[in-house]
Structures are given as C-alpha cells and as structure tokens.
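As a plain string of letters, each chain reads:
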Amino acid sequence: MQRQDFARLFRLSGALSLSLLVVMLGVPLELEEADQTVSFGSKTDFRTGGGPNSLAVGDFNGDGKLDLATANIDSNNVSILPGTGNGSFGSKTDFDTGITPVSVATGDFNGDGKLDLAVVNQDSDSVSILLGNGTGSFGPKTDFATGGQPFSVAVGDFNGDGNLDLAVVSINDDSISILLGTGAGSFGTKKDFDTGTTPVAVAVGDFNGDGKLDLAVANLDDNSVSILLGTGTGSFGANTDFDTGSGPFSVAVGDFNGDGKLDLAVSNVDVATVSILLGTGTGSFGAKTDFETGSGPFFVVAADFNGDGKLDLATANDGSNTVSILLGTGAGSFGSKNDFVTGNAPEAVGVGDFNGDGKLDLAVANAFGDTVSILMNTTPFVFTLAFDLPTVTAQPGTKARVIVRINRSAGFNGNVTVTPPEPAMGIKPKPPDPIATTDTNVIFKLKIGGGVPLGPHPETFTAHDDSGHTSSATLTVVVQ
C-alpha cells in the first residue's frame, strides 16, 4: 500500500470497496428483536467539517454537559459541537489545524483547568495544540514536529513531572514519537521509539503494574500490536509484538476478564473482527481470540452499554455503515455482534451519557457524510448509575468530591448498594465500603495520593439491587 496521503488512499480504495460490496450483496443490517440484549435508537445526524476522521468527547464550555470535537481531514480543521444535555448538539464551530488532521485527543496542557485539543496532522508531519478558553472556543494552533505521516495521538504523563505529554505514531517512520509537555501548553522536541510496521493507533495503560504508563500500538502491515513499557522518565523499552488479526487499525484497553490486569481489544479492518488479548499483568499478553464485527471496523472502544458491570465493545464499521456492539461476559469473551445503522463511512466512535439518563450513548464520526451520528441508548435498565459531572479534576494530595446518581426506572423504589472502585495508582475512595440506599444520590470522596501520575484515571463505581440487577458507571479523574 502506498503510504503517501494514507488516510485518503485507505478510505478511497479499501474502505469504499467494502461499502460497495455490502450494498451489492444486500447484507442485512437489522437485528432480530429476540436476539437483541442491548438497544439504541435511530441515529440523529449533526453537521461537522469535511471528512470527520476522529472524534473526542469532553466538556469544553464548562456547563456540565458533554460536547464533541471532530478532526476533519478534508477541511483541515476541528469542529466543536456543544451538547445541550438532552442528546442534541448545537451548530459546529470550526478551528484551523494543520493539513489532513486525522486524530484528536483532549487534555489540560497548560494547567488552567480547561480542556485543550491535540490534533495530529498527517500531511504536515505535526501535532497542533489548540488551547481552550473554557467557553467552547479555542485559540490559534501551535504546531510541533512529529515523525513522518503521523496518524494517531494519545495523552499521558510519561515522565512523572506533573505535565501531560503526547505519544504520536508515525506511519512513514515505523515509530512512535514522545513529546514531553512543559505544563504551559508547549512541548519539547520529539523522541522516537521503534514500533512494528505501519503503526496506525496508540493506547495508554499500565500493563506491568509498576505504576508507570506503557504504550500499545496497532501495526497495520505487521498484523500485530506492539507493547512498549515505560520507564517513568519519558523513555520506553524496546517493542514486544503480539499477533492480532489481519489489518489491525485501532486498539482499546480494559479489564475484560475481571482479574485486575489490563487487556487489549484490537479491531482488524481486513477481516471484520476484533482480537482480544488478555494481559498477564507483567507486560505480556496471551494469544488472541477473535470475535466478529461489521465490515471494516476502523475503531474500537470499551464501555459498559447494558449496565451489567462488564465491559462491552463498540466498533465503527466503515465498510457496512454500522456500529457493532459486542456484549462482554466478564470472562474475557464476547457475544455475537449487534449492529446499528450510522451515517456514511463511520470511522470513529465516542462514548458518553449525552442526555443524563445514566446510560452510555454513542457518537459516530461519518467520514463520507460530513456528520456525526448520535445513537441514544434505549436498553431497559431497572436502575443505572451516573455522575453529576462525568469528569472531575484534582491535584495530587487532595480529595475529589463525587456525587453518584442513582437513576431508577419508573416504579422502582428499591434498595441499591453502591460499591466504590478499589484503590488503584494511589487513588483511594472514602468511604471504602459499599453504601446501601434508597436515596437518589450517594456521596464519596476520592483521596488523590501525592505520587499519582498526572493525566486521566478511569474510576468505575458499581451497584446492585436486591434482585441481583447490576449497573456501573465510570468517572474520569483528571490529575493535574
């Protein structure tokens, strides 16, 4: 495959032929109601810039409602769509980036408590930083050099200095670039580390349990995922590669079998599968197990969509204009896919509770439709957990007050027992024990230890009622 102008070539040759094949063969997208254990309503589309290829979710204007950011490769900008809190979004506002923006991530890069954007520009060999002003607007971009043909970006504190850093994979160099943050919205000169061949996606996690962030990189032409273990100084060891399916294009991190060790989910665009690699907790992973998705799964994300306390998967399927939901068993396995219709050429999916009902909804970027599709979660729950705010910000050595909201279905007034997350990476809940209540809200405090790595930390609260129904919700604690 030619590497020049990689995003467009891949979409126009491989992905488009997959889409035409599905249409010509008349592959059914509907799911029989009897088989459906998770449900989403029909999509509602909102306009973005040209060719949205990546999507991020965050509260960019500080109103407590989730907003969207899309990276638009055909219009060389990012679109911000403000959320209304009822599942709808306002008109987009565009901000300039470099040439061919293919990936967007969020973080507070200058320490002012407001979310900023990092946008990878494939044809500029750069990453653009756009600093947020807290009202949903962003300042002019500042560009920093990456490797050749960068394709994906992830955020984390890789050297433990309290400032957020960037990890950017570069297709032409078969490498990942680490750019260390200064804490003022600027970044130092890149330092490169080898990956497999044609790295196209990167995810962050502590895969060996040493409290230092590591990297997982999907290598398209090697059919592998590379693990690079972090030293905690901004440097990484040599890559160790593990087999995936054919054409790995995205990687997600989660504990899929409940053993307290991080696992990997890798979407394989050539064979319409997702590979699950269970982690050993030492930085190594077992052999892959594959599960079927829709055609051309460009992107995968992990979340609990049916409220059973187990992580599920969602893939954006460019070849079938669908998103597939695979429900997790909690043992590292997944059930048959449930498909839901999106816009034209879905290439990225984001997750959030966009209407405040405690259920996780979907936002899907449609590259050929210049839209983002919102699919509201309509799965019937007896009760669900949610938070007053999906993200809280805290400093090391402080406490974060968390209000867990219990959303009960009509007529359900029973007892619900809420269990806080286990202490992890220096974040400890107070009280540490479950709370049983018939109230609407439960208050916990999270004690942030002095040595907690900076960056986002997912904290999952679970709950059950007296009949055994369970639900969970994940709060993002941003330590800065």
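First, a word on what this report is: a plain description of the structure on this page. (Residues numbered from 1 in each chain as written. Predicted model: local features only at pLDDT ≥ 70, side-chain atom pairs only at ≥ 80, totals over all residues. Heavy atoms only, no water.)

## A few points about the environment of Val 364
Part 1: Relative to the assigned elements, Val 364 resides in strand E27 (residues 361–366).
Part 2: With 14 residues separating them along the chain, Val 364 and Gly 350 place their C-alpha atoms 6.4 Å apart.
Part 3: The residues touching Val 364, leaving out its near neighbours within four places in the chain, are Leu 55, Thr 342, Pro 346, Ala 348, Val 349, Thr 371, Val 372, Ser 373 and Leu 375. (Helix = DSSP H or I, 4+ residues; strand = E, 2+ residues; numbered from the N terminus. Contact = heavy atoms within 4.5 Å.)

## Side note on the nonpolar core
Part 1: In terms of nonpolar packing, the biggest core is built from 36 residues, with Phe 109, Leu 166, Ile 176 and Leu 215 touching the most fellow members.
Part 2: Where this core is concerned, the elements lending two or more residues are strand E6 (101–107), strand E7 (116–121), strand E8 (126–130), strand E10 (150–156), strand E11 (165–170), strand E12 (175–179), strand E14 (199–205) and strand E15 (214–219).
Part 3: If sequence neighbours within four positions are ignored, Ile 176 has contacts with Ala 167, Val 168, Val 169, Lys 191, Asp 192, Phe 193, Thr 195, Val 202, Leu 215, Val 217 and Leu 228.
Part 4: Membership of the second largest hydrophobic core comes to 25 residues, among which are Ala 400, Ile 448, Val 477 and Val 479. (Core = buried A, V, L, I, M, F, W, Y, C linked by side-chain atoms within 4.5 Å. Buried < 20%, exposed > 50% of the residue type's maximum accessible area, 1.4 Å probe, protein only.)

## As for the pairing of strand E33 (residues 427–430)
Part 1: Because side chains alternate across E33, one face comprises the buried residues Ile 427 and Pro 429, and the other comprises Lys 428 and Lys 430, none of which is buried.
Part 2: The sheet contact formed by E33 and strand E35 (residues 441–448) spans four bridges and is antiparallel. Paired with Lys 428 across the strands is Lys 447, a residue of E35. (Pairing = 2+ DSSP bridges.)

## A word on the sheet that holds strand E21 (residues 289–292)
Part 1: Judged by pairing direction, the sheet is antiparallel, and its four strands sit side by side in the order E18-E19-E20-E21 without closing on themselves. Bordering the open sheet on either side are strand E18 (248–254) and E21, each of which pairs with just one other strand. Ignoring strand direction, the axes of neighbouring strands in this sheet form an average angle of 25°.
Part 2: As defined by bridge partners, strand E19 (residues 263–268) adjoins strand E20 (residues 273–277) across five bridges and the pair is classed as antiparallel. Pairing of Ser 267 across the sheet is with Val 274, part of E20. (Axes fitted to C-alpha atoms, helices over the stretch in contact; angles between N-to-C directions.)

## Some remarks on the packing of aromatic side chains
Part 1: By the definition in use, this model includes 18 aromatic pairs.
Part 2: A centroid spacing of 5.7 Å and a plane angle of 75° characterise the contact between Phe 193 and Phe 236, whose relative ring orientation is edge-to-face. Of this pair, Phe 193 sits in strand E13 (residues 191–194) while Phe 236 sits in the loop between strand E16 (224–228) and strand E17 (240–243), and the two are 43 residues apart along the sequence. Per residue, the accessibility class of Phe 193 equals that of Phe 236, and both read buried. (Phe/Tyr/Trp six-rings, centres within 6.5 Å; stacked < 30°, edge-to-face > 60°.)

## A few points about the pairing of E27
Part 1: Taking burial as the measure, the six residues of E27 include six buried ones, the bulk of the element.
Part 2: Across the two faces of E27 the burial is the same, with Asp 361, Ala 363 and Ala 365 and Leu 362, Val 364 and Asn 366 all buried.
Part 3: In terms of strand pairing, strand E26 (residues 346–352) meets E27 through six bridges, oriented antiparallel. Bridge pairing links Val 351 to Leu 362 in E27.
Part 4: Here E27 folds back onto strand E28 (residues 371–375), and the loop between the two strands holds four residues, one of which, Asp 370, carries a positive phi near 55°.

## A word on the sheet that holds E35
Part 1: Reading across from one edge, E29-E31-E35-E33 is the order of the four strands in this open sheet, with antiparallel pairing throughout. Edge positions in the open sheet fall to strand E29 (383–387) and E33, since each of these has one partner strand only. Averaged over all neighbouring strand pairs, the angle between strand axes comes to 30°, with direction disregarded.
Part 2: As defined by bridge partners, E29 adjoins strand E31 (residues 399–408) across five bridges and the pair is classed as antiparallel.

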